[in-house]
Every structure is written in C-alpha cells, then in structure tokens.
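# An overview of the molecular structure
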Amino acid sequence: MIIVMEKSIDQEKIENVVGKLISRGFDVHRSTGSDHTILGVVGDVASLDTREFELLDGVQEVVRVSEPFKLTSHTFKRERTVVDLGVCKVGGRDVVVMAGPCTIENEKQLFGTARAVAKAGAKVLRGGAYKPRTSPYSFQGLGIEGLKMLRAAGKEFGMTTISEVMEISQIESALEYVDVLQIGARNMQNFNLLSAVGQVRKPVLLKRGMSATIQEWLLAAEYIMAGGNYEIILCERGIRTFETYTRNTLDISAIPVVQKLSHLPIIVDPSHATGRRDKVMPLTRASVAAGADGVLVEVHIEPEKALCDGPQSLYPEQFVELMDELRIIVPAVRRTLA
Ligand code: PEP
Ligand code: MN
C-alpha cells in the first residue's frame, strides 16, 4: 500500500502519519519526489481499512499496489532511481560502461586489462574474486587476495569497482575492498543473501536469474529494498531457452518492460548472454538502442589464456571498437556516454 502525501506539506504531518503506521506494526519506506512524498507501507496491509489513513491530515490518497513487488514499483517511486557510483551515475542520462575480466587471476592480468578498459573509456572495473563455477574442479577465484588487487587497480586507474558475493560471509570483505556488490544469476533467489545486502549501504548490482521471470527478479530486488538499501542496479544477462547456439538468450524486451514496471536502473551483460565474443558488439548496440542504462562486458588481455569465460571475453582492441560504436549510438538515442 502506498500513501501519497499532499504537495509541499509540513514534515510534522508526514511524521504523524509515519508514527501511526509504525505503531500499527508496519514498515514505512519514504520516497521523496520533487513535489510529493510517497510512503510505502509494507506488512500485513490486507486487513487494513484505508479510510483510517485517508482521513489523516496531509494525506492526498491511499492506494493499494496491485503488483506483488511494492518498493521496486513505479507506483511507489515516480522518479527514476539514479545510483551514484562516484565516478559516474547509473539510471540518469548517462550510459555507463563496466568492463574487466570474468575473474581476477593475477596482478599482470588484472592491471593489464584494467589499463586497457580505462584507456578506452570504461568507468567501472569488474572482476570476480568469488566465482560461482558450474564444476567444482574449475578455478574458484582468488578470494580476498583478488579483492585487494581489484581495489588497487581501481585506485590506479580511477575506476569504481564491482565484484560478486556468493554468500553472506563474503559481504564483509567485499565491503572493505569494493564499491558495488554483485549478486550473480545463480543467487538471484538466495533470499538470505538478498536480505543481507539489503542491510548494507553500498550499491548492489542484481543479475537476473537464468530461469527467472521479470516478476521474480523484481521481487528479488524487493528483498534488498525492504532492508532499506535502495541503491540497486538490475542486470539482464540472458535467460535459458531451447536455443543452444548461444550460451543464453538475451531478453532485450526485459529493458522496456522493467522500465515500465520499476524505477530501478537496468543494464545489460551481453557477455554472459551470448557466451561468444563475436556476438557481444551487436547485442551491446541493441541493448543501448533499447534503452539500457549501461553494459557490463567481459574483457581480457589474453582471452585464450583466461581461467574463466575466455570465449566470451573481448580482446582489448575489440573493446576499443565497442566504445567507438557507443560514441555513435549513445547520442543517437539522446543519451550521453559516461
Ligand atoms: C559473472 O558476472 O562473472 C557471472 C558469473 O555472471 P552471471 O551470474 O550472470 O552468470
Ligand atoms: Mn564470467
């Protein structure tokens, strides 16, 4: 349920309504727009008589939100969420490029790749230290050692850093070393992990599960928002379909669908979506043309030697080309390249 307060009313009246809701056992989330404050009320609202609140001083209207996701919905927040990553903002006019290796392997590989992507114009450096590998015999990541390297590389090249956490115990180290926490596709419905990152006050990139519907994905984001962390970036990374030629099938339509349903920014990972580096460029173009707020791309200085996801990792020269393409496409869709 949401409560829309009257335009430009006193803070005191808002506090009065909030106090009443809290005393009735509800959680209240505020969304302060340019002219209205909206209160998102969560808890057992089904039994509540909305008139009780409609009659309070300063209340313009009380609306029951029909979607199962509430705080992530456009009804709760009319303005788009812009997530500030320090060196750039995601969700505003800018299109943001995040790039780097799938996994951090060693200093030479990470710094070499970071130097190349920074020079080409990427603002955010990716690199996994805790890797969700399908096989237990595959390289599992360098852990904290890797996170330390990522922080050093981010500092050296003036980039914001992003890395995945797979379980609650990894959050603490990630908070110390990285700027954005990534929740991977395989953990999109790890509800305990989602609630835990809901408690932190750093941006979270939430990938879509490979078999998740858009509604399930937004409900996963709802877990994070319900904890009070509103800095969420959604990432479409392809879903499982009957097609086997590509690793996954990129659901381009998820971009406008999510933008209609939610205020959260959405970016696309064309690397995991296709699993093949020759498909990364066309799908990056398509994603930006469809309205994505950014892309997350795997790049490696020597993809043939990569310990993880080599076939989908771009060569640095290809990444330069991709950035050149974006410099044409981004203004054509009336956005700016961060
Ligand atoms: C990754 O970004 O390296 C990754 C494992 O992605 P996903 O969770 O989308 O498979
Ligand atoms: Mn990968």
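Cut-offs used in this document
Residues numbered from 1 in each chain as written. Chains lettered and ligands numbered in written order. Predicted model: local features only at pLDDT ≥ 70, side-chain atom pairs only at ≥ 80, totals over all residues. Heavy atoms only, no water. Helix = DSSP H or I, 4+ residues; strand = E, 2+ residues; numbered from the N terminus. Buried < 20%, exposed > 50% of the residue type's maximum accessible area, 1.4 Å probe, protein only. Contact = heavy atoms within 4.5 Å. Phe/Tyr/Trp six-rings, centres within 6.5 Å; stacked < 30°, edge-to-face > 60°. Donors = N, O, S within 2.8 Å, 3.2 Å for Na, K, Ca; no water. Domains from an automatic or database assignment. Near = heavy atom within 4 Å. Polar contact = N/O pair within 3.5 Å; in protein donor to acceptor, adjacent residues only side chain to side chain. Areas by Shrake-Rupley, 256 points an atom, 1.4 Å probe, with all protein chains shown as cover. Nonpolar A, V, L, I, M, F, W, Y, C, P; charged D, E, K, R; others polar.

Note on placement: His29 falls in strand β2 (residues 27-32). For His29, a relative accessible area of 5% translates into the label buried. Contacts of His29, omitting those with residues within four sequence positions, involve Ile38, Leu39, Gly40, Val42, Leu71, Phe76, Met225, Ala226, Gly228 and Tyr230.

This part takes up the packing of aromatic side chains. Within the structure shown, the criterion is met by 2 aromatic pairs. Between the aromatic rings of Phe191 and Tyr223, the centroid separation amounts to 4.7 Å while the plane-to-plane angle is 25°, which identifies the pairing as stacked. Of this pair, Phe191 sits in helix α6 (residues 191-198) while Tyr223 sits in helix α7 (residues 214-226); the two residues are 32 residues apart in sequence, bridging distant segments of the chain.

On to the coordination of the manganese ion (ligand 2), then. Protein coordination at the manganese ion (ligand 2): the donors are Cys102 (SG), His272 (NE2), Glu298 (OE) and Asp309 (OD), at 2.0 to 2.4 Å from the metal. Counting gaps between the donor residues of the manganese ion (ligand 2) yields the pattern C-x169-H-x25-E-x10-D. Here Glu298 lies in strand β14 (residues 294-298) and His272 lies in helix α9 (residues 270-274), a separation of 26 residues in the sequence. Classification of His272 as buried rests on a relative accessible area of 8%. Since its relative accessible area comes to 0%, Glu298 is described here as buried.

Bringing the domain arrangement of the chain into the picture now. Segmenting the chain into domains produces domain 1 (2-63) and domain 2 (83-337). Here the C-alpha centroids of domain 1 and domain 2 sit 36 Å apart.

One non-glycine residue with positive phi stands out, namely Ser8, at about 35°. Turning to its location among the elements, Ser8 is positioned in the loop between β1 (2-5) and α1 (11-23). Positive phi is not limited to glycine here, since Asp309 has a value of about 55°.

Before going further, it helps to examine the site of ligand 1. Within the structure, ligand 1 sits among 13 residues, and Arg126, Lys131, Ala185, Arg186 and Arg237 are positioned closest to it. In this structure, an oxygen atom belonging to ligand 1 sits 3.5 Å away from a side-chain N or O atom of Glu298. Bound to the protein, ligand 1 loses 97% of the 300 Å² it would expose on its own. Its residues assigned to classes, the shell around ligand 1 shows 3 nonpolar, 3 polar and 7 charged.

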